[in-house]
Amino acid sequence: MIYFQNGVYMTFTLLIEVTTNISLLLTLLFIQNLILNKNSKKQRLNNILQGILIGFISIIIMNNSIYAHPEMIFDSRTILLCITGLYLGLIPTSIAAFIAGLYRFALGGSGMYVGIMSIVISAGIGLLVGLATKKKQLEPGWIFNFVFGFAVHAIVLLLFYLFLPKPDNLIISTDLALTYLLILPLATGLIGRMLSFQSEFSKSRQKLQENSNLFHTLFRKNHTIMFLIDPQTEQIKDANESAVEFYGWSYNELLTMTLSQINSASQAEIDTRIRTLQNEDQLVFKTQHNRADGSRREVEVYSNLIQIEGKELLYSLVHDITDRVSTEKKLQKSEYQLSRAELMAQLGHWELDLNAKSFSASLGAHEIYGVPDGDLDMSVIQDIPLKEYRPAMNKALAELISKDAPYDLEFDIIRPSDQKRSTIHSTAQYDKDTNTVFGVIHDITRFKQAEEEIRVERERLRVTLQSIGDGVITTDNNGRIQMMNQVAERLTGWSNSESFMKPLPEVFNIVNEYSRQPCPNPVELVLNTKGIIELANYTMLISKDGRELIIADSGAPIKDNKGEIIGTILVFRDTTEKQRTQDRIIRAEKLESLGVLAGGIAHDFNNLLAGIFGYMELAQLENTNEKVREYLDQSVKVYKRTVDLTKQLLTFSKGNILNRKIGNLSTVIQDAANFALSGSIVTCDIRIEDNLYLCSYDENQIGQVLDNLLINAKQAMPDGGTIKIKAKNLTLDLPKNLNLPKGHYVGISISDTGPGIPSDLIPRIFDPFFSTKQMGSGLGLATCFSILEKHDGAIDVYSNKNGTTFTFYIPAAQGFLEEDDPSLQNDIVAGGKILIMDDEPSIRVILGEYLKTIGFEVTEASDGQELLDILKTAHMQGIQYKAAILDLTIPGGMGGVAAVKEIRNRGYTFPVFATSGYSEDSVISDPEQYGFTGSLSKPFKMKDLSSLLSRYLK
């Protein structure tokens, strides 16, 4: 250890120590540089290692210090720590200061705290100044480092003076002043500059490394094919991964190859390109390159010369343009084909660039306008049309550019090449972005000529079709309407223009008359059969305005001159009236035959029924045996069914006369529903319009219509359901297939929810004796039809799988409500004599027993002459008769009509009543007109007779 001896010796010693410290610092920089090179990516670890190294160097420096006192150490560690803070940052400085301070603490002595304070202050000042220079982006120089060292050591010297023991503090501060204020600051500037140089060198090396890495990434990993080639030897010096992948040779194989081995060009051409590159910055050319698999690819090469490590190399970028070249060839071929196609199709196009004021046109455009190639410009396009078209064309072009208005024109031109007149169709569009007009032209001369020929032919065909009395519709193969004549327009309700190109079913709406299901499309039938077809029976056309017409229709294919089907033609006529008339005639003939049969057997059959029922009723009156009474009651029920059947038969007879009265149908509807559905699981929903029109009708017969329809509806729903009855006022302008005149009607509909009536059976349901029920008579609906026809009404039916609706119509009546005269309803006044005349003994017996039971005496006669003789005798004897009951038909003798006439001629005024098995006889319906007081139809019951007598016998 060295003690202070004199100032010169100490100064010399300090210089030696500073030199030692500088050597140690240089060693540190060398070690640090090695660490940075090996761990450049581990900066935190580098900082820690630097701090540890500097800390241990500080220990070495403190062990080579000058001791002015056994307990005091003076050395150059302050240089090391302040420079570390200035250049190396927080982590190395903190670690180094900690290690140095810890070691100084371990050494102890009276100068321990001053020594530690000098360590902290020099390190701290270095850190603060370092942060300031980095913030202001200052690069410390020699002068800056000297001033910085002077400031640090001046503060340390002041620290010695203030905190070292007296009187040593003054002596030490004086002796060390030159060292701390000059030598150590100079050493600080020197060491700082050396660190600055080292830092700059490290940064440059790092930047170089980064550039090298960047070049490696850009070259090796680039998707573009890249080569480095020696221009002298044409040897490939380097190639990237994309080149290896593209050419198919390995990297090492490529490095053994020359440029001529991958380039398909000749050696002379390759040499020429390399020489050209010597005088130009960059050379771009297209060629073909060979690949390892023997294929060739079209490439585009960008080459230039660069300097790498003092050597000039050829740097080439290669782009595979095989697909582009193929596309270009296809485009050229397409352009050629387009040009040929335009010429063949007589099409052309042109383009006007308003920015460049340039015009271009295709070969087809030149051909159409009759102008040599290259002579066509915008002025020609605007001026070549005939004068009458030019204003419109100029206006259209101006508005296209200014307003983007449509440019779509037809005009005629005279071609300069051959002076022929042509018709041109031109369209154009304006592109605002490029300020360009693009136009297409089409020579439509042939089309115009063909159109004119077609127009003439269509006009001739139109005149022909309009002269046909049937409706005619033509369609294309897709079933779209092409034309309709006037008759078809009237029947369908569509005009020819409205129907054009519409699907046939939309205009020609045909359904089955009864099922309302759509009929098959006639066009499809014609196309499928390829022959003539006819519509099925009961085809109904529903017009646009809702009219329903029965039609007869036929369809046939339209063929061209090659026999190919190009469309269809439909011919149809309205057969509504014809069909209705024919149906009415057939039905009338059936009803007439039935009426003749019914009228022929009615008298005898009713007489027999009257006899049978009369005896049964008399037996009931006399019987006291309960078992017998039960049998008789059942027999009466069977009798009633027989009577109902007979009445139904008689409704078809011509002579059946209605017993009409004017009244409201509401009560009849309610009574019929209550009676027909009594005890049934079927419910009834009745809706009757307020103020229902009055009608003139036969209450019994209309009741019979309602009964038949309600019973049918009930039987259609064996598992129950709801029958809906609606009655409303109607004004029929154009009746729906009912053949009813215009006027006011009451419409009554009865609907069920049964399974419906099959469409093929609907045309027969009103025929007599036709029934779909096993136990049905087949007279119910036929009776309804006959009754309503006699009431000047009609009945209609609509049925589908969801149920059936019958609707019948009765004309509204002009008049007032007729009510029964209560004065006619009197209790019978029994007693007196009554004459009865009938050719059937059984009828006379039964009628006599009825009258006797009521309380009258009876005189019988078998014909009119016998009755007149009895009256004559009675007159001579002074016997008076209270009434007479006469049978109208007496075979071989005087009947009731002749007899009553003679009775009235002889002055007899007592009531005379007519009876007959011909209930349809007009005498029965209007007895007063023939001299009778009243009438009674056979068969009748005793209460019917009693009721009749009670009205007239007082």
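Numbering of residues starts from 1 in every chain and runs along the sequence as written. In keeping with the predicted nature of the model, local features appear solely for residues at pLDDT of at least 70, side-chain atom pairs appear and are counted solely at 80 or more, and the whole-chain, interface and lining totals rest on all residues. Note: side-chain values were computed over all heavy atoms of the structure, leaving out hydrogens and water.

1. Looking at the overall build of the protein
(1) Moving on: Secondary structure assignment for the protein yields 30 helices and 31 strands.
(2) Moving on: Residue burial is assigned from relative accessible area. The probe radius is 1.4 Å, only protein chains are included, and a residue is buried under 20% of its type maximum, exposed over 50%, and partly exposed in between. Counting only residues that meet the buried cut, the protein has 44% of its 954 residues in that class.
(3) Moving on: The contact rule is simple, with two residues in contact once any of their heavy atoms fall within 4.5 Å. Sequence-distant contacts, at least 24 apart, represent 61% of the contacts inside the protein between residues at least 6 apart.
(4) Moving on: Note on areas: Shrake-Rupley with a 1.4 Å probe; residue coverage comes only from the protein chains shown. Carbon together with sulfur atoms contributes 55% to the accessible area of the protein, which is approximately 50600 Å² in total. Going along the chain from the N terminus, every DSSP run of H or I of four or more residues is numbered as a helix, and every run of E of two or more is numbered as a strand.

2. Observations regarding the sheet that holds strand 5 (residues 283–290)
(1) Moving on: Two strands form a pair only when DSSP identifies at least two bridges running between them. Read across the sheet, five strands follow the order 4-3-7-6-5 without closing on themselves; strand pairing throughout is antiparallel. Because the sheet does not close on itself, it has two edges, and the strands there are strand 4 (236–239) and strand 5. Here the average twist between neighbouring strands, direction ignored, is 30°.
(2) Moving on: With ten bridges joining them, strand 6 (residues 296–308) and strand 7 (residues 311–320) adopt antiparallel strand pairing. Considered in strand 7, the bridge of Q307 is made with E312.
(3) Moving on: Between N-to-C directions, angles cover 0 to 180 degrees, with each direction set by a line fitted to C-alpha atoms, over the stretch in contact for helices. Those strands touched by helix 11 (residues 267–279) are strand 5, strand 6 and strand 7, and its axis lies near 155° from that of strand 5.
(4) Moving on: The sheet strands contacting helix 12 (residues 322–345) are strand 5, strand 6 and strand 7, and the helix crosses strand 6 at an angle near 130°.

3. Considerations on the sheet that holds strand 31 (residues 934–937)
(1) Moving on: Strand order in this open sheet of five strands is 28-27-29-30-31, and the pairing throughout is parallel. Single-partner strands in this sheet number two, and they are strand 28 (857–861) and strand 31. With strand direction ignored, the average angle separating the axes of adjacent strands in the sheet is 20°.
(2) Moving on: Examined bridge by bridge, strand 27 (residues 833–837) and strand 29 (residues 883–887) share four bridges and lie parallel to one another. Residue pairing for strand 29: M837 is matched across the bridge by L886.

4. A look at the packing of aromatic side chains
(1) Moving on: Pairing of aromatic rings covers Phe, Tyr and Trp, the last through its six-membered ring, and needs centres within 6.5 Å; plane angles under 30 degrees mean stacked, over 60 mean edge-to-face, and all others mean tilted. Tallied over the entire structure, the rule returns six aromatic pairs.
(2) Moving on: Look at F227 and Y247: their rings are 5.5 Å apart centre to centre, the planes differ by 55°, and that puts the pair in the tilted class. Placement of F227 in strand 3 (residues 225–229) and of Y247 in helix 8 (residues 241–247) is noted, with a sequence separation of 20 residues between them.
(3) Moving on: Members of the aromatic cluster, joined through ring pairs, are F227, F246 and Y247.
(4) Moving on: In this structure, R291 is placed above the aromatic ring of F246, and the distance from its NZ or CZ to the ring centre is 5.2 Å.
(5) Moving on: The ring of W494 has K544 sitting right over it, with the charged end atom 4.5 Å from the ring centre. In this scheme, the term charge over a ring applies when either NZ of a lysine or CZ of an arginine sits within 6 Å of the ring centre and within 35 degrees of the ring normal.

5. Notes on the pairing of strand 23 (residues 722–732)
(1) Moving on: With six bridges joining them, strand 21 (residues 683–688) and strand 23 adopt parallel strand pairing. Directly across from C684, in strand 23, lies its bridge partner I723.
(2) Moving on: Sheet topology places strand 23 next to strand 24 (residues 743–751); nine bridges connect them, and they run antiparallel. Each bridged residue has a counterpart across the sheet, and for N729 the counterpart in strand 24 is V746.

6. Digging into unusual backbone geometry
(1) Moving on: Following K938, the chain continues to P939 via a peptide bond in cis, the omega torsion being -10°.
(2) Moving on: Within the secondary structure, P939 is located in the loop between strand 31 and helix 30 (942–952).
(3) Moving on: Of note in this structure, D404 is not a glycine but carries a positive phi near 55°.
(4) Moving on: Within the element layout of this structure, D404 appears in the loop between helix 15 (390–403) and strand 10 (407–414).
(5) Moving on: Residue D792 is not a glycine yet carries a positive backbone phi of 65°.

7. Things to note about helix 26 (residues 841–854)
(1) Moving on: A helix is expected to reach a length of 1.5 Å times the quantity of its residues less one. Look at helix 26: 20 Å from first C-alpha to last across 14 residues, which is about the 20 Å you get at 1.5 Å a residue.
(2) Moving on: If you check which residues of helix 26 are buried, you get I843, R844, I846, L847, G848, Y850, L851 and I854.
(3) Moving on: Immediately downstream of helix 26, the backbone of G855 shows phi near 125°, a positive value.

8. Details of the pairing of strand 8 (residues 347–353)
Side chains on a regular strand alternate between the two faces of the sheet.
(1) Moving on: Only one face of strand 8 is buried, namely the one carrying G348, W350 and L352, since none of L347, H349, E351 and D353 on the opposite face is buried.
(2) Moving on: By the bridge criterion, seven bridges tie strand 8 to strand 12 (residues 436–443) in an arrangement that is antiparallel. Looking across to strand 12, one finds that L347 is bridged to H442.
(3) Moving on: Where strand 8 lies against strand 9 (residues 358–361), four bridges are found, and the strand directions are antiparallel. Each residue of the ladder has a partner; that of E351, found in strand 9, is S360.
(4) Moving on: Hairpin connection of strand 8 to strand 9: four residues between the antiparallel strands, including K357 at a positive phi of 55°.

9. As for the packing of helix 26 against helix 30
(1) Moving on: It is the contact of helix 26 with helix 30, at a shortest axis distance of 10 Å, that shows an interaxial angle of 60°. Put simply, helix 26 runs oblique to helix 30. In terms of crossing hand, the pair formed by helix 26 and helix 30 is right-handed. For the pair formed by helix 26 and helix 30, the contact residues are L847, Y850, L851, T853 and I854 on the first element and M942, L945, S946 and L949 on the second.
(2) Moving on: Of the residues in the contact of helix 26 with helix 30, the class split is seven nonpolar, two polar and no charged. We call two directions roughly parallel when the angle between them is under 35 degrees, roughly antiparallel when it is over 145, roughly perpendicular when it lies between 65 and 115, and oblique otherwise. Rotating anticlockwise by less than a right angle from the far helix to the near helix defines a left-handed crossing, while the corresponding clockwise rotation defines a right-handed one. Three classes are used, and their members are as follows: Ala, Val, Leu, Ile, Met, Phe, Trp, Tyr, Cys and Pro are nonpolar, Asp, Glu, Lys and Arg are charged, and the others, Gly among them, are polar.

10. Quick notes on the pattern of salt bridges
(1) Moving on: Salt-bridge detection follows one rule: a side-chain nitrogen of Lys or Arg within 4 Å of a carboxyl oxygen of Asp or Glu. By the definition in use, this model includes 19 salt bridges.
(2) Moving on: We note a salt bridge from D838 to K938, for which the minimum N-O separation is 2.5 Å. In this pair, D838 sits in the loop between strand 27 and helix 26 while K938 sits in the loop between strand 31 and helix 30, placing the two residues 100 residues apart along the sequence.
(3) Moving on: What makes K938 buried here is its relative accessible area of 3%.
(4) Moving on: For E902, the salt bridge is made with R906, and the minimal N-O distance between the two is 3.3 Å.

11. Some details on helix 24 (residues 699–715)
(1) Moving on: With 17 residues, helix 24 extends 24 Å from end C-alpha to end C-alpha; this agrees with the ideal 24 Å at 1.5 Å per step.
(2) Moving on: All of the buried residues in helix 24 are Q701, I702, G703, Q704, V705, L706, N708, L709, L710 and A713.

12. Let's talk about the environment of T256
(1) Moving on: Residue position: T256 is located in the loop between helix 9 (251–255) and helix 10 (259–262).
(2) Moving on: Relative accessible area serves as the criterion here: at 59%, T256 is assigned to the exposed category.
(3) Moving on: As a C-alpha pair, T256 and K237 span 19 residues in sequence and 8.5 Å in three-dimensional space.
(4) Moving on: Those residues in contact with T256 that lie beyond four places of it in its chain are Q235 and Q261.
(5) Moving on: Two N or O atoms count as a polar contact when they lie within 3.5 Å, although within protein this holds only if one can serve as hydrogen donor and the other as acceptor, and sequence-adjacent residues are included solely when both atoms are side-chain atoms. Within polar-contact distance, the side chain of T256 engages the backbone oxygen of E253 at 2.6 Å.

13. A word on the confidence of the model for the protein
(1) Moving on: On average, residues of the protein carry a pLDDT of 80, and 84% of them reach 70 or more.
(2) Moving on: Known as pLDDT, the predictor's per-residue confidence is scaled from 0 to 100. In the model, residues 1–7 has pLDDT below 50 throughout and makes 13 contacts with residues more than four positions away in sequence or in other chains.
(3) Moving on: Below a pLDDT of 50 lies the segment residues 820–826, which in the model reaches five contacts outside its immediate sequence neighbourhood of four places, other chains included.

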